[in-house]
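Structure at a glance
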Amino acid sequence: MLFVVPTPIGNLGDLTLRAREVLESADVIAAEDTRHSGILMQHHGIGRPLVSFHEHNEAMRTAELLERLLAGATVALITDAGTPSISDPGVRLVRACAEAGLAYTVLPGPCAVITALVGSGLDTDAFYFGGFLPVKSGQRQAEIAAAVSRNATSIFYESPHRLLKSLATLAEAAPARLVCVARELTKKFEEYRRGQPAALVAHYMAHPPKGEICLLVEGADAAARRAKLAARQAAPA
Ligand code: SAM
């Protein structure tokens, strides 16, 4: 059977009891970077065999792992951090199991997008996850324009090198919009920095961003509600 196992996004203590049990009893653990995951395994005293499973060998490894699963093996799939398949390898193996009628299960656990959404304080009833913001500036601008007009919180994975550019684009497209930079979640320098994009530009100009980042944009409907409320509160009684 295949077990899809989320692993910590920073704090090594965030491995669930069940995830640990599954990893301890797996015949093989398919890991994005076996050296990186070795640190987690060592931390938790897990000594099962690891094989690499990353974007460059996913097709070949999927076929191999499928054979092992068909022969009755227990396979655990992990990535460097968080939930496999979410901006990470994994979907190909899950799809192959589903199509072959092989048993699989997904353990709930750490995932940066969900952690960032909850910590942002932005609306959680409807949200859009766009993965990594595109590197090409035209595509990036289009993605940000779509986020600004969407009636749902938008969340993106973002690189520290491009954060200022994205915030500047937001400052131009929607200066009054509330945005949140969720950085280094579950780690020592965890930060949820909320504000209007220009204020965040000023902050990160003075304190260049480092580490792992999620960028969240308030939905158009929530921004309109907030503006209406502020206008009502400002009006004389
Ligand atoms: N599969 C992972 C998950 O479930 O979150 C995501 C993997 S993706 C390759 C890595 C990106 O996720 C990072 O570049 C960053 O944007 C985001 N991320 C991962 N860990 C994070 C953390 N501790 N704090 C903020 N963002 C994080």
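Residues numbered from 1 in each chain as written. Predicted model: local features only at pLDDT ≥ 70, side-chain atom pairs only at ≥ 80, totals over all residues. Heavy atoms only, no water.

**So, a nonpolar patch on the surface**
Together, Ile114, Val118 and Phe127 line one region of the surface with nonpolar side chains, adding up to about 270 Å² of accessible area. Relative to the assigned elements, valine 118 resides in helix α5 (residues 112–120). On the accessibility criterion, valine 118 (59% relative accessible area) is exposed. (Patch = residues over 30% accessible without salt bridge, like charges linked within 9 Å, V, L, I, M, F, W, Y side chains within 5 Å. Areas by Shrake-Rupley, 256 points an atom, 1.4 Å probe, with all protein chains shown as cover. Salt bridge = Lys/Arg side-chain N within 4 Å of Asp/Glu carboxyl O. Helix = DSSP H or I, 4+ residues; strand = E, 2+ residues; numbered from the N terminus. Buried < 20%, exposed > 50% of the residue type's maximum accessible area, 1.4 Å probe, protein only.)

**Observations regarding the layout of surface pockets**
Any empty space left between atoms is shown by rolling a water-sized probe over those atoms. Within this model, the largest pocket holds a volume of roughly 440 Å³. Taken together, 24 residues line the largest pocket, and the ones lying closest to its centre are Ala81, Ala112, Phe132, Tyr157 and Glu212. Three or more residues apiece are contributed to the lining of the largest pocket by two domains, here domain 1 (2–106) and domain 2 (112–227). Of the voids in this model, the second largest pocket is the one considered here, and its volume is about 250 Å³. Around the second largest pocket, the lining comprises 14 residues; the ones closest to its centre are Pro8, Leu12, His36, Asp80 and Ala81. Each residue belonging to the lining of the second largest pocket can be placed in one class, and the counts come to six nonpolar, five polar and three charged. (1 Å grid on protein atoms, 1.4 Å probe; cavity = no way out; pocket = protein on both sides within 12 Å on 5 of 7 lines; lining within 4 Å. Points joined across faces, edges and corners; volume = space filled by probe spheres on them. Domains from an automatic or database assignment. Nonpolar A, V, L, I, M, F, W, Y, C, P; charged D, E, K, R; others polar.)

**Remarks on the sheet that holds strand β1 (residues 2–4)**
One open sheet accounts for five strands, arranged β3-β2-β4-β1-β5; its pairing is parallel. Either end of the sheet is taken by a strand with one partner, and the two such strands are β3 (50–52) and β5 (104–106). Taking each pair of neighbouring strands and ignoring which way they run, the sheet shows an average axis angle of 20°. Docked against the sheet, helix α1 (residues 17–25) engages β1, β2 (28–31), β4 (75–78) and β5, running at close to 125° with respect to β4. Packing against the sheet, helix α2 (residues 34–44) makes contact with β2, β3 and β4, and its axis sits at approximately 150° to β3. (Pairing = 2+ DSSP bridges. Axes fitted to C-alpha atoms, helices over the stretch in contact; angles between N-to-C directions. Contact = heavy atoms within 4.5 Å.)

**What to know about α5**
Those residues of α5 lying buried are Ala112, Val113, Ala116, Leu117 and Ser120. Along the long axis of α5, the arc covered by the buried residues comes to 130°, so they all point the same way. Of the surrounding secondary structure, the elements contacted by the buried residues of α5 are β6 (127–132), β7 (153–158), β8 (179–183), β9 (191–195) and β10 (213–217). Backbone geometry just downstream of α5 places glycine 121 in the positive-phi region, at approximately 75°. (Arc of directions from axis to C-beta.)

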